[in-house]
Amino acid sequence: MIMNTQKEFMKIGDKTFKSRLIVGTGKYKSFDETRQAIEISGAEMVTVAVRRIELDKNKDSILNHLDPKKYTFLPNTAGCYTLKEAVMTCELAREAGLGNIVKVEVIGDEKTLFPDNEATLEASKLLIKDGFHVLPYCTDDVVLCKKLEDIGCAAVMPLAAPIGSGLGIRNPYNIKLILEAVSIPVIIDAGVGTASDASRAMELGVSGILMNTAIAGAKDPLKMSLAMKMAVECGRMAYEAGRIPKKLYASASSPLDGLIEL
Amino acid sequence: MSLNFREIFLKLTINGEDRKILKSKNLEDLIRELDIQAPNFAMALNQQVVPKSKYATTPIQENDEVEIVHAVGGGI
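Residues numbered from 1 in each chain as written. Chains lettered and ligands numbered in written order. Predicted model: local features only at pLDDT ≥ 70, side-chain atom pairs only at ≥ 80, totals over all residues. Heavy atoms only, no water.

A. Fine view of the overall build of chain A. Along the backbone of chain A there are eight helices and 10 strands. The globule rule puts the C-alpha radius of gyration for 262 residues at 18 Å, and the 20 Å found for chain A is close to it. Its C-alpha atoms give chain A principal-axis dimensions of roughly 90 × 40 × 40 Å. Taking all 262 residues of chain A together, the buried fraction comes to 49%. About 13,500 Å² of surface is accessible on chain A, with carbon and sulfur atoms providing 54% of the total. With 32 positive and 33 negative side-chain charges, chain A shows a separation of 2 Å between the mean positions of the two kinds. (Helix = DSSP H or I, 4+ residues; strand = E, 2+ residues; numbered from the N terminus. Rg over C-alpha atoms; globule rule 2.2 N^0.38 Å. Buried < 20%, exposed > 50% of the residue type's maximum accessible area, 1.4 Å probe, protein only. Areas by Shrake-Rupley, 256 points an atom, 1.4 Å probe, with all protein chains shown as cover. Lys, Arg positive; Asp, Glu negative; His and termini not counted. Charge placed at Lys NZ, Arg CZ, Asp CG, Glu CD.)

Dropping the structure here:
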């Protein structure tokens, strides 16, 4: 019998994804490395930023290296500090043919890159009205996540630690509470540093993880990409398998009957 | 005969840079004149996103602000 290692798929908007790993495309040494790392990660959804074209430089584009038939693009509003910038970035992304699933980020603080939750909520409202499937980057706040669900977000993307910090899952209890409070997918956005962080997040029962720096910034990004793919799959499998309850005292796994008696 | 430069050049702000445009009359001309070759790009004129289907019929005027963007590598 072939074991069904994965019971469900990740559903975002009107799409289904076999891979629960969403990867970023920034910080790689070359487009070639980006392409390879993403291929190895098995991700089906990749996030891209939207920026001004550099005039007079017919620079190569990331999109020349990523097959749009293979990947769903998730344009993000990284670097936006106002609602207006975030909304316009999404509109431009859609017009550029990057689709209508967007990762909305409205940054509220330069040092921590924590989101401006109020502006994120407002931007999300406007974008949903305009036909976008919105995935908002937010803090690990249950009340906020419920509000984001109520206005029609396709998922919520709470951070596990500051963007690019690699500090790991610092808020497992809050993530658990969010998982109980909302019925839309919860995707960990930011904080993962290494493979065990990814597994740990998946074991909590989140639908997926978005990461960039943890792979792109590793000494060997291609090897880390494979490690992350496996860690996400293992974590998910363990979640579906159901871990044993934690107990304070020992519980032997060998039978007590038939012991030799001296 | 003195040349009237204003009829030849159009001063625009493109992606935050001051630019003199030679012959473009609309956004479609402008893309050609700037030789934009990105596979996916989008434009905004005076902070309004313009759909691709309207580039040819969207005229540009002196002092217009044009944004031309595309996808770049990025994460969070």
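B. Focus on the nonpolar core. Of all hydrophobic cores here, the largest spans 67 residues; its most connected members are L98, V156, I209, M211 and M228 of chain A. Looking at which element gives the most residues to this core, the answer is helix α2 (residues 83-95) of chain A, with six residues. Core analysis: the next-biggest nonpolar cluster, separate from the first, contains 20 residues, L10, L12, L30 and Y55 of chain B among them. (Core = buried A, V, L, I, M, F, W, Y, C linked by side-chain atoms within 4.5 Å.)

C. A look at the interface of chain B and chain A. Taken residue by residue, the interface counts 31 residues in chain B and 34 residues in chain A. Carbon and sulfur atoms supply 62% of the area buried between chain B and chain A, which totals about 2,800 Å² over both sides. Connecting chain B to chain A are one salt bridge. Of the charged contacts, one joins R52 of chain A and E67 of chain B as a salt bridge, the two residues approaching to 2.7 Å between their closest N and O atoms. The tally of links from chain B across to chain A stands at 12 residue pairs in polar contact (both at pLDDT 80 or more). (Contact = heavy atoms within 4.5 Å. Buried area = accessible area lost by both parts, 1.4 Å probe. Salt bridge = Lys/Arg side-chain N within 4 Å of Asp/Glu carboxyl O. Polar contact = N/O pair within 3.5 Å; in protein donor to acceptor, adjacent residues only side chain to side chain.)

D. Inspection of helix α6 (residues 195-203) of chain A at higher detail. Residues and elements named next belong to chain A. Within the span of α6, buried status applies to A195, D197, A198, S199, A201 and M202. Looking at the buried side of α6, the elements it contacts are β9 (187-189), β10 (208-211) and α8 (221-241). A positive backbone phi angle near 105° is found at G205, which sits one or two residues after α6.

E. Structural detail: the pattern of salt bridges. Applying the stated criterion across every chain yields a total of 14 salt bridges over all chains. As a salt-bridge pair, E233 of chain A and K229 of chain A come within 3.2 Å of each other at their nearest N and O atoms. Of this pair, E233 of chain A and K229 of chain A both sit in helix α8, separated by four residues, roughly a single helical turn. Using a relative accessible area of 39% as the deciding quantity, one classes E233 of chain A as partly exposed. With its nearest N and O atoms 4.0 Å apart, the salt bridge here joins R32 of chain B to D29 of chain B. Here R32 of chain B and its partner D29 of chain B are both found in helix α2 (residues 27-34), three residues apart, which amounts to about one turn of the helix. Overall, the relative accessible area of 55% leaves R32 of chain B in the exposed class.

F. Highlighting the pairing of strand β5 (residues 72-75) of chain A. Residues and elements named next belong to chain A. Burial of the side chains of β5 extends over both faces: T72 and L74 are buried on one face and F73 and P75 on the other. Pairing between strand β4 (residues 45-52) and β5: four bridges, direction parallel. Pairing of T47 across the sheet is with L74, part of β5. (Pairing = 2+ DSSP bridges.)

G. Inspection of the sheet that holds strand β6 (residues 101-104) of chain A at higher detail. Residue and element names in this part refer to chain A. Pairing in this open sheet of three strands is parallel, and the strands run β6-β7-β8 from one edge to the other. Each of the sheet's edge strands pairs with one partner strand only, and the pair in question is β6 and β8 (157-158). Bridge analysis of β6 against strand β7 (residues 133-138) gives four bridges, and the strand direction is parallel. By the bridge assignment for β7, V104 is matched with P136.

H. Local environment of the environment of L30 of chain B. Residue and element names in this part refer to chain B. Position of L30 relative to the elements: it lies in helix α2. A sequence separation of 37 residues divides L30 from E67, and the C-alpha atoms of the two residues are 12 Å apart. Dropping the residues within four chain positions of it, L30 is found in contact with L12, I14, I21, S24, M43, I60 and V66.

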